[in-house]
Structures are given as C-alpha cells and as structure tokens.
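One-letter residues, chain by chain:
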Amino acid sequence: MTSNHTDCHYCLQSLRGRKYALREENAYCVTCYDSLFANPCEECKQPIGCNSKDLAYKGRHWHEGCFKCAKCSHSLVEKPFAAKDELLLCTECYSDEYSSKCFHCQKTIMPGSRKIEFKGSSWHESCFVCQYCRQPLGTKPLITKDNENYCVPCFEKQFAHHCYSCKKVITSGGVTYHDQPWHKECFVCAGCKTQLSGQRFISKDEYPYCVDCFSKLYAKKCAACKKLITALGGAKFISFEERQWHGECFNCAKCSVSLVGQGFLTRQDDVLCHECGSA
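All residue numbers here refer to positions counted from 1 along the written sequence of the relevant chain. Residues qualify for local features only when their pLDDT is at least 70, as the model is predicted, and side-chain atom pairs are given and counted only at 80 or more; totals for whole chains, interfaces and linings, by contrast, use all residues. With hydrogens and water excluded, all non-hydrogen atoms of the structure serve as input to the side-chain values.

Asks: Would you explain the overall build of the protein chain in this entry?
Replies: Counting its regular elements, the protein chain contains five helices and 24 strands. Relative to the compact-globule value of 19 Å for 279 residues, the protein chain shows a C-alpha radius of gyration of 47 Å, a clear excess of over 25%. In terms of overall dimensions, the protein chain has C-alpha extents of about 155 × 35 × 30 Å along its principal axes. Each of the 279 residues in the protein chain was classed as buried or not, and the buried ones make up 32%. Put simply, of all contacts in the protein chain between residues at least 6 apart along the chain, 11% involve residues at least 24 apart. Just so you have it, the protein chain exposes about 18,800 Å², and 47% of that area is on carbon and sulfur atoms. Here Asp and Glu are counted as negative and Lys and Arg as positive; His is not counted, and neither are the chain ends. To locate a charge, take NZ of a lysine, CZ of an arginine, CG of an aspartate or CD of a glutamate. Placing the 36 positive and 30 negative side-chain charges of the protein chain at their respective mean positions leaves the two points 5 Å apart. A run of H or I in DSSP becomes a helix once it reaches four residues, and a run of E becomes a strand once it reaches two; helices and strands are each numbered from the N terminus. Every radius of gyration here is taken over C-alpha atoms, with the globule rule written as 2.2 Å times N^0.38, N being the number of residues. Buried residues are those whose accessible area, probed at 1.4 Å on protein chains only, stays under 20% of the maximum for their type, while exposed residues exceed 50% and partly exposed ones sit between those limits. Only heavy atoms enter the contact rule, under which two residues are in contact if any of them lie within 4.5 Å. Note on areas: Shrake-Rupley with a 1.4 Å probe; residue coverage comes only from the protein chains shown.

Asks: I'm lost on the layout of surface pockets in this one. Help?
Replies: To find the voids left in a structure, one rolls a probe of water-molecule size over its atoms. One number sums up the size of the largest pocket: a volume of about 190 Å³. Throughout, the protein atoms alone are placed on a 1 Å grid, and a set of points is a cavity if a 1.4 Å probe fits but cannot get out or a pocket if it is open with protein on both sides within 12 Å along at least five of seven lines; lining residues have an atom within 4 Å of a point. Every residue lining the largest pocket is counted, 13 residues in all, and those nearest its centre are Glu43, Trp62, Ala70, Leu87 and Leu88. Residue assignment for the lining of the largest pocket shows that the elements contributing at least two residues are strand E6 (60–63) and strand E8 (87–90). Counted by class, the lining of the largest pocket contains seven nonpolar, one polar and five charged residues. Grid points are joined across faces, edges and corners, and a volume is the space filled by probe spheres set on the points. Charged means Asp, Glu, Lys or Arg here, nonpolar means Ala, Val, Leu, Ile, Met, Phe, Trp, Tyr, Cys or Pro, and polar covers whatever is left, Gly included.

Asks: I would appreciate a short explanation of the environment of Ser35 in the present structure.
Replies: With respect to the helices and strands, the residue Ser35 is situated in helix H1 (residues 30–37). Spatially, the C-alpha atoms of Ser35 and Lys107 are 49 Å apart, while their sequence positions differ by 72 residues. Under this definition, polar contacts are N or O atom pairs within 3.5 Å; protein pairs additionally need one hydrogen-donor-capable and one acceptor-capable atom, and for neighbouring residues in sequence, both atoms have to be side-chain atoms. A distance of 2.9 Å separates a polar atom in the side chain of Ser35 from the backbone oxygen of Cys32.

Asks: I tried to follow the pairing of strand E12 (residues 148–151) on my own but got confused; where do I start?
Replies: Successive side chains on a regular strand alternate, one facing one side of the sheet and the next facing the other. Alignment of strand E11 (residues 142–145) against E12, held across four bridges, turns out to be antiparallel. Considered in E12, the bridge of Thr144 is made with Asn149. The criterion for strand pairing is that DSSP finds at least two bridges linking the strands in question.

Asks: Would you mind going over the pattern of salt bridges with me for this structure?
Replies: Pairing between side chains of opposite charge can happen when the charged atoms of each approach one another. By convention in these notes, a salt bridge is any Lys or Arg side-chain nitrogen within 4 Å of a carboxyl oxygen on Asp or Glu. A complete count under the given rule lists three salt bridges for this structure. The partner of Glu42 in a salt bridge is Arg60, with the nearest N and O atoms 3.9 Å apart. Here Glu42 is found in the loop between strand E3 (39–40) and strand E4 (47–48), whereas its partner Arg60 is found in strand E6, with 18 residues between them in sequence.

Asks: I tried to follow unusual backbone geometry on my own but got confused; where do I start?
Replies: Most peptide bonds take the trans configuration, and most residues that are not glycine carry a negative phi. Positive phi, close to 60 degrees, is recorded for Glu78, a residue that is not glycine. Summarising the element assignment, Glu78 is placed in the loop between E6 and strand E7 (81–84). Look at Glu78 and you get exposed, because its relative accessible area is 78%. At Gln106, a position not held by glycine, the phi torsion is positive, near 65 degrees.

Asks: Would you take a moment to explain the packing of aromatic side chains for this structure?
Replies: Aromatic ring pairs are reported here in terms of the distance separating the ring centres and the angle at which the planes meet. When two rings of Phe, Tyr or Trp (its six-membered ring) have centres within 6.5 Å they constitute a pair, described as stacked for plane angles under 30 degrees, edge-to-face for angles over 60, and tilted for the intermediate range. One pass over the full model with this rule turns up 21 aromatic pairs. Plain terms: the ring middles of Tyr177 and Trp182 are 5.9 Å apart, the flat faces sit at 65 degrees to each other, and that makes the pair edge-to-face. You can call Trp182 buried: its relative accessible area is 9%. The cationic tip of Arg23 hangs over the ring face of Phe37; the distance from NZ or CZ to the ring centre is 4.2 Å. Of note, Lys145 hangs over the ring of Phe159, and the distance from its end group to the ring centre comes to 5.2 Å. Only when the NZ atom of a Lys or the CZ atom of an Arg is both within 6 Å of the ring centre and within 35 degrees of the ring normal do we say a charge sits over the ring.

Asks: Sorry, what's going on with the state of the cysteines here?
Replies: In a disulfide, the sulfur atoms of two cysteines are covalently bonded to one another. Throughout, a disulfide means two cysteine sulfur atoms within 2.5 Å of one another. Under the defined criterion, the tally for this structure stands at zero disulfides. As a non-bridged cysteine, Cys90 has Cys93 as the owner of its nearest cysteine sulfur, 3.5 Å distant. This cysteine, Cys102, is not joined by any disulfide, and Cys105 carries the nearest cysteine sulfur, 3.8 Å off.

Dropping the structure here:
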C-alpha cells in the first residue's frame, strides 16, 4: 500500500511511492516487515511475507500453497482435515490410516461422526441396534448372545426362560426341576416355603418338600421304634402287611436277631425268626 507515511520505522528509508505494511501504527517497508515479523512456513521453512496469505493452526503457520495433506499432498485450504503426530491429513487419508472400522458393517467411522464403543469394538451409531427390533441401542441396557446385541425386551421375548412358579423372566441363575425353570427364590418347599436351592429335598406329586415337611406329612413310622422312615440317603426299610420297619429295626421280637433277608414268622404284632417262632 502507499500512504502519507514518509519513512520505514526500521530502516528509515523513504516509503514514498513504495508498498509498506503497518504494525502497531508504525510503517515498515516490505523487506523490513518480512524480516522482522513474518512467520516461517512449517512446510518450506521460508518466511510468509506480507504479500502472502498466512494460514495458522495451533500456533503453526503455512503458506497457502504449502497447506496440504502430508500423505496425498492435496490442498487443505477451506477443507476439513485432522492432525496426527503433528502431521496434517485430509479426512480420507486420516480415515484410511487411523480411523476405527465399524464392528458391524466393517466400514470406516469417519472423523467427526458419532461412534459407540462396546466391549472393545467401535460401531457406527446407526449400526449399533437391536438384532431383533432394529431399534438403536445407544446407552440402553442390552444383552449379548452369540455376538449379537439385543435390547432387554426383545431378548426376553426371544430367549429368556420364565419361572414355572411366578411366570416372570429368569435373568440369571435359576433352578431346573422336572425340566422346568424356577427362580432360586421361587423354588421353595411346598410345605414350609423354605428355599430349597442347594438343599436336600423330596419330590411328591410333582412338588418339592424339605426333608422335615415331607417326613411330617408323608413318612411312615417304624413298627418297632416308632420313628419316621424317610428313606433318605439310600436307607433300607422293610414293608409287610401295611407295616414298615427300619432295616436295623427289623429284628426277631424274642432273640433280636436281624430278619433282613431271612425268613420269619408272625405272631399277633410280633415278627419272629424260625427258631423262636417254632419253639
């Protein structure tokens, strides 16, 4: 530019009829201005003179012609770009080199687009959907089965077991009884309602009972000792004419010899060995 400034503020040469630049209201000839204030170009290392366009990014400067992709050399002027290890890259080159691939469609997730991170993999937001209803999952609760993701309602409809007792979904754990699934807290004694998971129990008419309840309700009394016969743990018992005995109680009423596996005689309510019965 030309103006009424008469001399360069630095070299004191006359500015009449010459181009000059102003800085803090002082006028400088082009040569002095460039040597004093011009930024060095990151690419060519030459000063960016006052006659050139200075493009700046994060404190660094480039000539307009030097502002280009470090990989493909295409100009980045007025185009989106990304920085990696102090190198400037166009979005295409950056995506090829560094961008994540979508776990679902295997296409690049472009810089600036929203992505979902799940179990160490990246997804396009539009690809991260329920396998069944195809609705976006976003940050909703989900369940994964066979590498496919499902929203909770769809998973329950498709795969979840329903408790035989309360009919509600079993989300974890559970007990199988008579080929039917139960919540642990629903699998209780039909008599006292005590939880039976991990406990010994006895089945009667398709219902489970704890040992105590089954014994009180259904177990027979030994004709000898009058105690309950539970038949648990493989214990043997003898039954004869609607009477039952513990194996260890089935003895001759007179000489107390064991009659288990032996022939015996009866006399009124007593059982006797052959010797005592014949005497």
